[in-house]
Amino acid sequence: MTAEPSRSAGRMRASDADREAVVEQLREAAADGRIDLDELDTRLGQALMAKTRGELAPLIDDLGPVVLGSGEPLTLQGGIHGAERTGRWKVPPRIRAIGGLGGVRLDFTQAECRLREIEVEVNAQLGSVRIVVPVGWRADTDALNPAFGGLKDKTSGDRLPGTPELRLTGSCGAGGVLIRHPNFLERRRQRKAQAR
């Protein structure tokens, strides 16, 4: 499944955050040598002047996703007491979440992520796998088996330009998988942490 924006999403007005995400991705592409400095200047100018998301998308479409590394994935095993990855952490290209009895919680809201795609293999078993993503991130769950526990995707489904996409595979097991954006209390705590 591709992450092409819908026609209505392409006509939506671009926010400052949308433009900043594209600018960051363009700078990274220049640092990697995928575009030269003249092209960077041109695209940065277009990004900063863009009024809609549809104008932003073509500026980064040809840059493609970051190639996934061949190293071992980050593995979180819930076991009896559960496991979590929250706060500030660097997101790897591949993650395995094994729920066990205690479940697994993955919170991407303060994570450092420079990837376009992240593979998340889940095996919820008896404990649930809970995933919290920032607004604008998208989760592709087409390859995920809902099994007995089922899948609850409470995200908006819209992907902002320059933001990552999670590609979930595996099984929801008996505990199920929940994907959502930060709730009110989590957003409040994050604002307080940023104000310090």
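Below is a summary of the structure that appears in this document. Please read all numbers here as calculations on a predicted model, not as lab measurements.

### A word on the overall build of the protein
Step number 1: Within the protein, the secondary structure is distributed over 5 helices and 10 strands.
Step number 2: In summary, the protein has a C-alpha radius of gyration of 18 Å against a globular reference of 16 Å for 196 residues, a match within 12%.
Step number 3: Relative to its 196 residues, the protein shows a buried fraction of 43%.
Step number 4: Considering only contacts within the protein whose residues lie at least 6 apart along the sequence, 70% involve residues at least 24 apart.
Step number 5: Counting only carbon and sulfur atoms, one obtains 50% of the accessible surface of the protein, whose full area is about 11000 Å².
Step number 6: Separation between the mean location of the 30 positive side-chain charges and that of the 27 negative ones in the protein comes to 9 Å.

### Regarding the environment of Thr 86
Step number 1: Inspection of the secondary structure puts Thr 86 in the loop between strand 2 (83–85) and strand 3 (94–98).
Step number 2: Its relative accessible area of 29% is what places Thr 86 among the partly exposed residues.
Step number 3: Residues Thr 86 and Val 132, 46 residues apart in the sequence, show an inter-C-alpha distance of 9.4 Å.
Step number 4: With residues near it in sequence (within four places) discarded, Thr 86 still touches Arg 105 and Asp 107.

### Observations concerning the pattern of salt bridges
Step number 1: Using the criterion set out here, one finds 14 salt bridges in the structure.
Step number 2: Taking the shortest distance from any N to any O, the salt bridge between Arg 96 and Glu 121 comes out at 3.8 Å. Of this pair, Arg 96 sits in strand 3 while Glu 121 sits in strand 5 (residues 117–123), and the two are 25 residues apart along the sequence.
Step number 3: Bridged by salt links that share partners, the residues Glu 117, Arg 138, Asp 140, Arg 159, Glu 165 and Arg 167 form one connected network.

### With respect to the sheet that holds strand 8 (residues 151–153)
Step number 1: Ordered by their spatial adjacency, 5 strands build an open sheet running 2-4-6-10-8, and the pairing between neighbours is parallel. Lying at the two open borders of the sheet, with one neighbouring strand each, are strand 2 and strand 8. Averaged over all pairs of adjacent strands, the angle between strand axes in this sheet comes to 5°, irrespective of strand direction.
Step number 2: With 4 bridges connecting them, strand 4 (residues 104–107) and strand 6 (residues 129–132) associate as parallel partners. Residue pairing for strand 6: Arg 105 is matched across the bridge by Arg 130.

### Considerations on the nonpolar core
Most often, soluble globular proteins keep nonpolar side chains buried together rather than apart.
Step number 1: Membership of the largest hydrophobic core comes to 26 residues, with the highest contact counts inside it found for Phe 108, Ile 131 and Leu 166.
Step number 2: Elements supplying a minimum of two residues to this core: strand 1 (74–77), strand 3, strand 4, strand 5, strand 6, strand 7 (138–145), strand 9 (165–171) and strand 10 (177–180).
Step number 3: Val 22, Leu 26, Ala 29 and Leu 63 belong to the second largest nonpolar core, which has 15 residues in total.

### Digging into the sheet that holds strand 1
Step number 1: Pairing in this open sheet of 5 strands is parallel, and the strands run 1-3-5-9-7 from one edge to the other. A single partner strand is all that each edge strand has here, and the edge strands are strand 1 and strand 7. On average, each strand axis in the sheet is tilted by 15° relative to the strand beside it, whichever way the strands run.
Step number 2: Sheet topology note: the strand 1/strand 3 ladder contains 4 bridges and is parallel. Residue pairing for strand 3: Leu 74 is matched across the bridge by Ile 95.

### Let's talk about a positive patch on the surface
Step number 1: Taken together, the side chains of Arg 187, Arg 188, Arg 191, Lys 192 and Arg 196 present a region of like positive charge at the surface.
Step number 2: Its place among the elements puts Arg 188 in helix 5 (residues 184–195).

### Some words on a nonpolar patch on the surface
Step number 1: On the surface, Ile 80, Leu 101 and Leu 126 cluster together into a nonpolar patch covering about 350 Å² of accessible area.
Step number 2: In this structure, Leu 126 sits in the loop between strand 5 and strand 6.
Step number 3: Residue classification places Leu 126 among the exposed positions, given a relative accessible area of 59%.

Calculation rules
- Residues numbered from 1 in each chain as written.
- Predicted model: local features only at pLDDT ≥ 70, side-chain atom pairs only at ≥ 80, totals over all residues.
- Heavy atoms only, no water.
- Helix = DSSP H or I, 4+ residues; strand = E, 2+ residues; numbered from the N terminus.
- Rg over C-alpha atoms; globule rule 2.2 N^0.38 Å.
- Buried < 20%, exposed > 50% of the residue type's maximum accessible area, 1.4 Å probe, protein only.
- Contact = heavy atoms within 4.5 Å.
- Areas by Shrake-Rupley, 256 points an atom, 1.4 Å probe, with all protein chains shown as cover.
- Lys, Arg positive; Asp, Glu negative; His and termini not counted.
- Charge placed at Lys NZ, Arg CZ, Asp CG, Glu CD.
- Salt bridge = Lys/Arg side-chain N within 4 Å of Asp/Glu carboxyl O.
- Pairing = 2+ DSSP bridges.
- Axes fitted to C-alpha atoms, helices over the stretch in contact; angles between N-to-C directions.
- Core = buried A, V, L, I, M, F, W, Y, C linked by side-chain atoms within 4.5 Å.
- Patch = residues over 30% accessible without salt bridge, like charges linked within 9 Å, V, L, I, M, F, W, Y side chains within 5 Å.

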